[in-house]
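What the coordinates show
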Amino acid sequence: MKQQQYYSDPNVALREQNSRKDLDDSQAKITAKQQDVDRDKQAVSELEDALRKAGGDPGWATAPPSANNSIAN
């Protein structure tokens, strides 16, 4: 969406057209968050494996149902 950003101030528009700093910053933040999510998923997977190896109850590794899922419409 930021690739089609409109700036009413022509100075800002010209500066952003050449540098795209706002777009680059946003993309860097998205990439960093994606890496955080991937690391967290890997950590959860490792913990689930450790639980199975330790002989723990496999039901502990599953998330409890949320309150929204248990309410009937």
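Let us look at the structure shown here. Treat the numbers as computed from the prediction; the structure is a model and nothing was measured.

So, how was this worked out
Sequence positions are assigned chain by chain, starting from 1 and proceeding in written order. Local features in this predicted model are restricted to residues whose pLDDT is 70 or higher, and side-chain atom pairs enter the listing and the counts only when it is 80 or higher, whereas totals over whole chains, interfaces and linings include all residues. To obtain the side-chain values, all non-hydrogen atoms of the structure were included, while hydrogens and water were left out. Think of it this way: any DSSP run of H or I at least four residues long counts as a helix, any run of E at least two long counts as a strand, and we number them from the N terminus. Burial status follows relative accessibility: with a 1.4 Å probe on protein chains alone, a residue under 20% of its type maximum counts as buried, one over 50% as exposed, and anything between as partly exposed. Note on areas: Shrake-Rupley with a 1.4 Å probe; residue coverage comes only from the protein chains shown. To estimate the expected span of a helix, count its residues, drop one, and scale the result by 1.5 Å. Salt bridges are defined as contacts in which a side-chain nitrogen from Lys or Arg sits within 4 Å of a carboxyl oxygen from Asp or Glu.

1. Quick word on the overall build of the protein chain
- Helix and strand counts for the protein chain stand at three helices and zero strands.
- When the helices and strands of the protein chain are placed in sequence order, the string is α-α-α.
- Across the 73 residues of the protein chain, 4% fall into the buried class.
- Carbon together with sulfur atoms contributes 54% to the accessible area of the protein chain, which is approximately 6700 Å² in total.

2. What about helix α2 (residues 21–53)?
- Taking 1.5 Å of rise per residue, the 33 residues of α2 would be expected to cover 48 Å, and the 48 Å separating its terminal C-alpha atoms lies within 8% of that figure.
- Of the residues flanking the end of α2, it is G55, one or two places downstream, whose phi is positive at about 85°.

3. Quick look at the pattern of salt bridges
- Under the criterion given, the structure shown has two salt bridges.
- In this structure, the salt-bridge partner of D36 is R39, at a minimum N-O distance of 2.3 Å. Within this pair, D36 and its partner R39 are both found in helix α2, separated by three residues, close to a single helical turn.
- For D36, a relative accessible area of 28% gives the class partly exposed.

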